[in-house]
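The chain contents come next:
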Amino acid sequence: KAEVAELKAAWGARLRAKIEAKKRAPDGGAAGAVKVRFAVAPSGQLLSVEVVASSGQAALDKAAVKAVRAAHLPAAPKGLTGASYGFTLTLRYAP
């Protein structure tokens, strides 16, 4: 069980890096943080994404979801065999 948790954490870090690379602040220099929850298949296919804690600014929330959808997500490590895995990520935007 500890090995699965370690594999998921390592994969989660790789997913975060891919998503952060696609993060783009909307025009207007808005700042804030958006918490998103997303599910990924072991193949790396994005299954779902939703805002679970809004920044209070629709443009930032939309940009966060767009970043998750735009990222080319890597496949899971071999030891992860579940049908899907959920992750929660906070994306921060600065002006």
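Residues numbered from 1 in each chain as written. Predicted model: local features only at pLDDT ≥ 70, side-chain atom pairs only at ≥ 80, totals over all residues. Heavy atoms only, no water.

1. A few points about the sheet that holds strand S3 (residues 85–93)
Piece 1. Taking strand neighbours across the sheet as the criterion, the three strands line up as S2-S1-S3 in an open arrangement whose pairing is antiparallel. Two strands lie at the open edges of the sheet, namely strand S2 (46–53) and S3, each paired on one side alone. Geometrically, the sheet is characterised by an average inter-axis angle of 25° between neighbouring strands, direction not taken into account.
Piece 2. Of the strand pairs in this sheet, strand S1 (residues 32–40) and S2 are connected by six bridges, and their pairing is antiparallel. Bridging from a neighbouring strand, Val-40 pairs with Leu-46 of S2.
Piece 3. Strands in contact with helix H1 (residues 2–22) are S1 and S3; relative to S3, the strand with the most contacts, it is inclined by about 40°. (Pairing = 2+ DSSP bridges. Helix = DSSP H or I, 4+ residues; strand = E, 2+ residues; numbered from the N terminus. Axes fitted to C-alpha atoms, helices over the stretch in contact; angles between N-to-C directions. Contact = heavy atoms within 4.5 Å.)

2. Looking at the packing of aromatic side chains
Piece 1. One pass over the full model with this rule turns up three aromatic pairs.
Piece 2. A centroid spacing of 5.8 Å and a plane angle of 85° characterise the contact between Trp-11 and Tyr-85, whose relative ring orientation is edge-to-face. With a gap of 74 residues between them, Trp-11 in helix H1 and Tyr-85 in strand S3 connect regions that are remote in the sequence. Tyr-85 carries the same exposure label as Trp-11, and that label is buried.
Piece 3. The interplanar angle of 85° and the centroid separation of 5.4 Å between the aromatic rings of Trp-11 and Phe-87 together place this pair among those described as edge-to-face. One end of the pair, Trp-11, is in helix H1; the other, Phe-87, is in strand S3, with 76 residues separating them in the sequence. Residues Trp-11 and Phe-87 agree in their burial class; the two are buried.
Piece 4. Through a chain of ring-to-ring contacts, the aromatic side chains of Trp-11, Phe-38, Tyr-85 and Phe-87 assemble into a single cluster. (Phe/Tyr/Trp six-rings, centres within 6.5 Å; stacked < 30°, edge-to-face > 60°. Buried < 20%, exposed > 50% of the residue type's maximum accessible area, 1.4 Å probe, protein only.)

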